[in-house]
Every structure is written in structure tokens, then in C-alpha cells.
There are 2 protein chains.
Amino acid sequence: MGAFLMNSGCNPSIVLAAATEAASQGPLVLLGVILSLVAIYCASKLGAELSSRLGFPPVLGELVGGVLVGVSALHLVVFPGAGVDGNHSLIMQFLQLTNGLAPEAINPTFTTTSEVISVLSELGVIVLLFEIGLESNLSELLKVGPQALVVATVGVAVPFLAGTMGAIALFHVSAIPAIFVGAALTATSIGITSKVLSELGQLTSKEGQIILGAAIADDILGIVILAVVASLAKKGTVDITSIEYLVGSAVIFTLVAILFAKYFNTAFLAIANQFSTRGGLIMAAVVFALTMAYIGAAIHLEAILGAFAAGLVLDETDKREHLEELIKPIADVTVPIFFVTVGAKTNFAVLNPFIEDNREGLVIAIFLIAVAILGKMLTGLAVFGHAKINRLAIGVGMIPRGEVGLVFAGVGAGSGILSDALNAAIIMMVIITTFLAPPLLRVVFPRPVP
Amino acid sequence: MGAFLMNSGCNPSIVLAAATEAASQGPLVLLGVILSLVAIYCASKLGAELSSRLGFPPVLGELVGGVLVGVSALHLVVFPGAGVDGNHSLIMQFLQLTNGLAPEAINPTFTTTSEVISVLSELGVIVLLFEIGLESNLSELLKVGPQALVVATVGVAVPFLAGTMGAIALFHVSAIPAIFVGAALTATSIGITSKVLSELGQLTSKEGQIILGAAIADDILGIVILAVVASLAKKGTVDITSIEYLVGSAVIFTLVAILFAKYFNTAFLAIANQFSTRGGLIMAAVVFALTMAYIGAAIHLEAILGAFAAGLVLDETDKREHLEELIKPIADVTVPIFFVTVGAKTNFAVLNPFIEDNREGLVIAIFLIAVAILGKMLTGLAVFGHAKINRLAIGVGMIPRGEVGLVFAGVGAGSGILSDALNAAIIMMVIITTFLAPPLLRVVFPRPVP
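Residues numbered from 1 in each chain as written. Chains lettered and ligands numbered in written order. Predicted model: local features only at pLDDT ≥ 70, side-chain atom pairs only at ≥ 80, totals over all residues. Heavy atoms only, no water.

A.B. asks: Looking at this structure, I do not really get the overall build of chain A. What am I missing?
C.D. replies: From N to C terminus, chain A includes 20 helices and 0 strands. The globule rule puts the C-alpha radius of gyration for 450 residues at 22 Å, and the 23 Å found for chain A is close to it. When the backbone C-alpha atoms are referred to their principal axes, chain A occupies close to 70 × 65 × 50 Å. For chain A, restricting intrachain contacts to residue pairs at least 6 apart in sequence, the fraction spanning at least 24 positions comes to 76%. (Helix = DSSP H or I, 4+ residues; strand = E, 2+ residues; numbered from the N terminus. Rg over C-alpha atoms; globule rule 2.2 N^0.38 Å. Contact = heavy atoms within 4.5 Å.)

A.B. asks: Could you clarify how one ought to interpret a negative patch on the surface in this entry?
C.D. replies: A surface patch of negative charge is lined by Glu321 and Glu325 of chain A together with Glu321 and Glu325 of chain B. For the negative patch, the secondary structure elements donating two or more residues are α16 (320-345) of chain A together with α16 (320-345) of chain B. (Patch = residues over 30% accessible without salt bridge, like charges linked within 9 Å, V, L, I, M, F, W, Y side chains within 5 Å. Areas by Shrake-Rupley, 256 points an atom, 1.4 Å probe, with all protein chains shown as cover. Salt bridge = Lys/Arg side-chain N within 4 Å of Asp/Glu carboxyl O. Lys, Arg positive; Asp, Glu negative; His and termini not counted. Charge placed at Lys NZ, Arg CZ, Asp CG, Glu CD.)

A.B. asks: Help me out: how do you make sense of unusual backbone geometry in this one?
C.D. replies: The general pattern is negative phi for most residues beyond glycine and trans for most peptide bonds. Residue and element names in this part refer to chain A. Backbone geometry at His75 places phi at a positive 60 degrees, although glycine is not the residue there. In this fold, His75 is placed in the loop between α4 (58-69) and α5 (90-98). Look at His75 and you get partly exposed, because its relative accessible area is 24%. (Buried < 20%, exposed > 50% of the residue type's maximum accessible area, 1.4 Å probe, protein only.)

A.B. asks: I keep staring at helix α9 (residues 175-184) of chain A and nothing clicks. Help me out?
C.D. replies: An α-helical segment advances 3.6 residues per turn. Residues three or four places apart therefore align on the same side. Counting buried residues in α9 of chain A gives 7 out of 10 residues, a clear majority hidden from the surface. Restricting attention to buried positions, one finds in α9 of chain A the residues Pro177, Ala178, Phe180, Val181, Gly182, Ala183 and Ala184 of chain A.

A.B. asks: What's the story with the environment of Gln96 of chain A in this structure? I'm lost.
C.D. replies: Structurally, the position occupied by Gln96 of chain A is in helix α5. Discounting residues that sit within four places of it in the chain, Gln96 of chain A has contacts with Leu101, Pro103 and Ile106 of chain A.

A.B. asks: Looking at this structure, I do not really get the environment of Asp218 of chain A. What am I missing?
C.D. replies: All names here are of chain A. Mapped onto the secondary structure, Asp218 falls in helix α11 (residues 206-235). For the pair Asp218 and Val151, spaced 67 residues apart in the sequence, the C-alpha separation amounts to 8.8 Å. Ignoring any residue separated from it by four or fewer positions in sequence, one finds Asp218 in contact with Ala152, Val156, Thr186, Ala187, Thr188, Lys376 and Met398.

A.B. asks: Got a minute to help me understand a nonpolar patch on the surface in this structure?
C.D. replies: All names here are of chain A. A cluster of nonpolar side chains, contributed by Val247, Val251, Ile252, Leu255, Val256, Leu259, Phe260 and Tyr263, occupies part of the molecular surface with about 770 Å² of accessible area. Per element, the largest residue contribution to the nonpolar patch is 6 residues, and it comes from helix α12 (residues 240-259). One can find Val247 in helix α12. What makes Val247 partly exposed here is its relative accessible area of 40%.

A.B. asks: Is there a simple way to explain the packing of aromatic side chains in this structure?
C.D. replies: The geometry of an aromatic ring pair is captured by the separation of the ring centres together with the interplanar angle, meaning the angle of the planes. In the structure shown here, the tally under the stated rule is 12 aromatic pairs over all chains. When the ring of Phe260 of chain A is compared with that of Tyr263 of chain A, the centres are 5.9 Å apart and the planes differ by 50 degrees; the resulting orientation is tilted. Under the relative-accessibility criterion, Phe260 of chain A is labelled partly exposed at 41%. A network of ring pairs unites the aromatic residues Phe264, Phe268 and Phe288 of chain A as a single cluster. The ring of Phe79 of chain B has Lys345 of chain B sitting right over it, with the charged end atom 4.4 Å from the ring centre. (Phe/Tyr/Trp six-rings, centres within 6.5 Å; stacked < 30°, edge-to-face > 60°. Lys NZ or Arg CZ within 6 Å of the ring centre and 35° of its normal.)

A.B. asks: Where do I start with the pattern of salt bridges in this structure?
C.D. replies: If the charged atoms of two oppositely charged side chains come close together, the side chains can form a pair. On inspection of all chains with the given rule, the structure shows 12 salt bridges over all chains. In this structure, Arg278 of chain B engages Glu131 of chain A in a salt bridge whose closest nitrogen and oxygen atoms are separated by 2.9 Å. With one member in each of two chains, Arg278 of chain B in the loop between α13 (261-274) and α14 (280-298) and Glu131 of chain A in helix α6 (residues 106-135) form a pair that bridges those chains. Under the relative-accessibility criterion, Arg278 of chain B is labelled partly exposed at 33%. With a closest N to O distance of 2.8 Å, Lys376 of chain B and Asp218 of chain B form a salt bridge. Separated by 158 residues along the polypeptide, Lys376 of chain B in helix α17 (residues 358-377) and Asp218 of chain B in helix α11 (residues 206-235) bring together distant segments of the chain. Assigned by exposure class, Lys376 of chain B and Asp218 of chain B land together as buried.

Put into C-alpha cells, the structure is as follows:
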């Protein structure tokens, strides 16, 4: 049926009548996806170019480009959710106007198109982390392991405690929502930080490696905290077994990846070298990355951690340079989908002080943003054993909450324990830290050698 | 919500409860897509390697690999349709077993996962035709234009007339279904033919260019015929306006692409050269290809024709070699999804002679297959002006019906005018011609220089 979908665009009025309901969505979903991708790529390139010319990291421009085409502005790339359906999507309206999308088919087509773009953006961040893994060096990363762990721990503990206590003391929030607010402050976005570091040519510097290691440790800590907080929110108690399971699987996954890196390498090369048909190396690498991503997600960690581990492990092969060259164009067409989608999903309406309902949230948000930034900046001070290290850069590198922060906001919104004001404040904190970090990183790191 | 989906795999039991119904599908759809891709890539590589070692074109192995993981065998990569739902998908069962996919969520997750894989496979064939367009040469293709048009016309007329009249005379089929059967015999799969030609190193040979040109003309003729037949089936009369519109838009599209190739080129280079950030060239090319694919589909032709035209046009740029190198790894990870999906959707059960219901179809199928193969082989004789040309190769190159044949079968099944036996016979004809062409092409063309 699907090969059928591809071509049934030939005459909608005829073919739609003949096809089943599910199948009839097909060609219009493909058209919706194509138009969304064109919008995403144009926004990302325009944003990246402008940002780069103004001296900012390109990824900031991609995020802003996403905002431009997303729910806050042009409504080209929007996703189903709070008050948004297919009729809010300009692309769906365009398809209705020009390609005979029936009014009753708008919402199913919109939902499926959005789901495809979401999956593509998730595959994009998997490719990004795989590439970052390839660019990183396992032994360098292990060397800064202790510092990274300390940075991550401080970067989790300080914002968590300050956020929770501040919410209780200053805003009279009760204990469980206050803990949730504190937890939402702990995240660090590996995706955004690592991309900026890579763009600044700082990924392999000592500072870059500490930030990367700490962001990874932070991600794992964040997952554990989210599980604790969500079970607290749901049952009022903490589900110890599930926490032990998460911690255990994170430790085992990390140890296996580190200890068996050499064996993975050998096995990978042995398989990739067997292939005589086109695309053997890249396909073997992609299968390995996807499998590790699946394992990462299946043991309740994250797909992107698995993909990063896969890249880190393959980094040791002698085919690494060739592999990096092959993965580059794939990353170029998938990674922007992720950043533009993050921007597109960000609703700047919550920042508008002229809307009465936003004001309470804005006041809390100012506090949260201060804690979020200062709490992470402190982490730089925790780095030991390196007298001349750029402590400011490390602190700044930990600031962006990005997609991890949005997870907390999403779970918070779903659980119903957060007031609208608290929820809006968390989203504002995520927005500001995410958009502030790339230009700040640009300032604290010296300009890269061109 | 979507960035949220990405990470909410952390603890399904907790997060699922908190998230909305639509959102809760998210992480499992991603896992379903990842597992499907792993199955697809493994099947395609295994098939391609075996096929290549046995002296067949790799793409035959990818099709067979698709059959292996698809609805005819392992049920790893299956698609919703006749009698198939989420419970038939091994991957969904696996997700249920290991990732807490709830029984009531199986079908929505399955449908969305399948839709994503379908769109990816459609993007795969768009990338393939774009790449084929880049490898082709516009002026060479125009040189063989007259021959290609004659080959296409003969290859459409002979099977159509023989099929329609044979169905009426031998099997006492009434006029409209008989015309439908004849029409289904006219298609040629550009995807499969061009891929095999490329693998055999014959894409730029005189024969290869004639086959390619004829397959494109054939595709356009096929679209017109499908529109005629479908409107005949629906209303009993032919909708002249819609036919005129199709023919007109096809002619205008082709003329604009050919006449303005130079201007597209200049504009493309001017834009691509402006970019200073990473990935500028590939992104400009992809946006151009997607836009042309959209236009192709929007004027009721096909997305893949638009992508082919885009490649053909950019083929003239001086950045062509670099672009070909960049598109290669992208094609390597997207194109196999298309071929494996074609194989996976092919249900070989209709070929089983031990099932009583299949026998009537089998007898008709034998007739259709004979007409399908002989009718296209004759086209080689129609080539004029080239005394030494490999006429057999041209005839064989036109044989595979592939995805275009499946469109006819799909529309036929939807329209209700075909008996089960006729429908099964058409599907069998598509299967046999598709799977037979790659090894036959290998025989009629000399082995490529390694």
C-alpha cells in the first residue's frame, strides 16, 4: 500500500475516492513533510548564516529560525498540543488550497505529518550525538572524568536546592511542586552545548571535554531525578526499585561501553570490511549507532546517550576519518531538523508581560532564571587540579536546559501538580537559558582559528 | 511536546501516565522506527552482499531482503492493510514485551511507525532519483530523446493492447476491467531500472540513457493512463479536462526544466556560494530537490520526476562532483529503505498454487507475465538510427513494473472493479517482472569494469 501512497498524488479526486482512509492520507502526508522540510532547511540556513555573520554560533540562528517558522510566529512548522490543531498550520492550509486536502482530513494529515517531523528531529539529534561521539576521544574524556563528575554533581545539587528552597520560601509553593521546580533546574542540554562547542572548535579542548562529560553525567542524573520526582508527584512516595534500576542500568551501560570499546571496534571493522557493495562502512556505522540508541532508550536511559556511546567507541577505529566525512552530509540534513524543531515548539507567548496571566509566572521566572544561570556558573569553581582552566567557560557551558528542560516542563504539565504560573515560569527559564548560552559561550571562549 | 517525546523513554510507567495519549505514543514510535530501520538496513546489506557475490545486481538482494523481513516471511517490517494490523508486526510484539507497549496502544503505534517508514522510503526514492539525475547528462538525454519516446510509446501501446484484448478474448473479462488490466501492464519502474543500470555502470551508456529516458516518458504516460482508467472505472466516462490538464502540466514541466536549466544552475550556485556555515552546498541542493519534488507532485505528476529534474539541472554545475560525493552517503542510508519496503510489502502468498483461491489468478498471471515481458522486449526493436545498439538490453530494461505497477494494483483493489483473481494476477505480474529484471539486465549487459 505504501508504494501506492507515493504515487497516488497523480489525481487526488480520483485516487482519494478509490483509496482507503489511511492510504488517502499518504500522498498529502508526504507533501506536508516535504514542505515542512523545505521550511525547516530554509529557516535553519538563513538563521545560521545571519547568526554567524553577527559573530554568534550558527546553532543560535537555527533555534531562532525555528522560532520564526514555529508556533510563536509564522506557524509553518507547528505541532499538535495546547490549543494547536491542523487549522493552525499554514502548510496544512496551503495543502488544502492547492492540493485538495479535504477539511475533515486536515487533522489526521497534520498529526501524522507532525509525528514524522518529530521522529526525523529525534533521528537528527541521534545523528548529532553520534557525530559528537566520533569527534570526542574516549581516553581524553576518561582523563577529565573526575572533574566532569564533580561539575555535574555541583551543577545538579546547587540549582536543585536553591530552586526548591527559594520556591518554598519566596513564593510559598508547597513541597512537592517546589521539588519539581528544583528538579527542572538541574538539566543540561548536551545537544545544544556540544553543537556550540563543536562550532567554536572547542569540543576537544580540556574545557570542552569537561563540559561534555559533565553534560552527559548531568543527563543521567537528570533522568534519575525525573523518575524520583515523577513518582513523588504520582504516588507521594519514591519508588526505590525503579530508581535502583535506573542507576544500575546507567552504570552498567557506561562501564560496558568503556570496557568493551576495543572489542566493539574490532567486531565493527571485521563486519564493515566484509562489505564489497556500495555504502558498507556508513551502513555498518548507522546500524551500530541505531542499535546503541535503541539499547540506551530500552534500558530507560536515552537514545542519544546510546548514540553518543556508539560514536565514542567507533572513534578508536582507523576508519574514523573516513567515517566522519561520510556522516557529515547526513548530519547536515538531519541535525537542523532537531534545532529548528526545538525553536518551533517554543511558545514565546508565555513571555509577553502584557498578558495579565503571564505576570505571576514572569516574577517566578526571573528568580528561576537567576538560579539556573548562577547555579551552573558556580560549577566552574568546583573544577580541581587545573589551575589555568577557563572556569567561566565551563560554568557557561552548563547553562542551556534545551530539550531536557522541556521534558521536565512536559511531565510537569501532564502531571497536573504545577500551577499554570509555575509551569510557564519553567518554560521561560528553559527558553532564556537555551537562547542565552550560545552567545555567552561565544564570549567566554576565544574566537576559533578560521 | 515533541522534544518531550524524545526523552520520555526514561520511565514509561511513570511518564506514560503523565503524558497525553498522543504524546505517550512518541517514544515507542521512535523505538519502532529505530528497530524497523535496523531490520531494513541489515536485510538490505545482507541481501546486497549475497546478490553481488552471486553475480546479480545488489538491488535484487535488497528487494529479496525486503521480502525476508516483510509480510511474506519474518513480519518484522509490515504495513497496515489487507488483514494486517499491529499484532502481526514482530517489532510491535517485541516493544510490547520489552518496552511496556500497552495492548491498546499497539495499533496506533504500529500505524504511525509504518507511516514514518513509508515517508522515509518515499524520501529515499526521491533521493535516488535526484542522484540518478545528477549522474545523468541533460544533453545526452536530449540526444536520445526521439528514440526514448518511441521506445516508451511502443512499450505502452503493445502491452496495453495485448493485455486488454487477451483478457477479453481468453478470460472473458468485461471491457472496463480488461482496460484496467491492460493499463497495469504499461508501467516501467524508473527506480529499479535506474538503480540496476547505475550498479552495472551502464547509466551513461547509449542504451542506459535510452532506457532512462523511456522510463521517464513511460512514467508520465502511465500517470495519464491511470487517470483515464480510474475515471472510466469511477464514472464510466473519461474526464477530458483532467487528462488535458495532466498532459499539459507534464509538457510544461519538462519544457521549463529543459529550457531554464542554465538559469536554475546560475541561481543555485549564486545562493550556495553565499553560505559560509557548514553544509551550505548540500542543503541548497536538498532544498532545490525537495521543492522540485513538491512541484512535481503538486501538478499531479510525481515527486520523483521533480527530484530527477532537479538532479538533471544541477548536473550542469561545476560543483557537480562535490555534490555527488555529498549526496552519496545520504543516498546510502535512505535509498535502501525504499527497496526493502517494496520487497517487504510484496505478499508472495498470492503465488502459492496450493491455495485453491490462487489458481484462477495464477493462470491469468502467466498470461499477463508473458505479455508484460514480451511486450516490453519488443521495444528494443523500435529503436532506430543506431545499428549496433544492444536492443535486447533496452527491451529488458523496460520490464520491471515495481512501485508504479503496485500503484495500479492498489487503485484497482480500491476501485472494486477488479475480481480477486484479476487483482492477484496483476500483483503477481508486478512481482515477477520486478524480481526478474535485475538478473536479466545483468545477463544482457556485459559485466562492468571493476
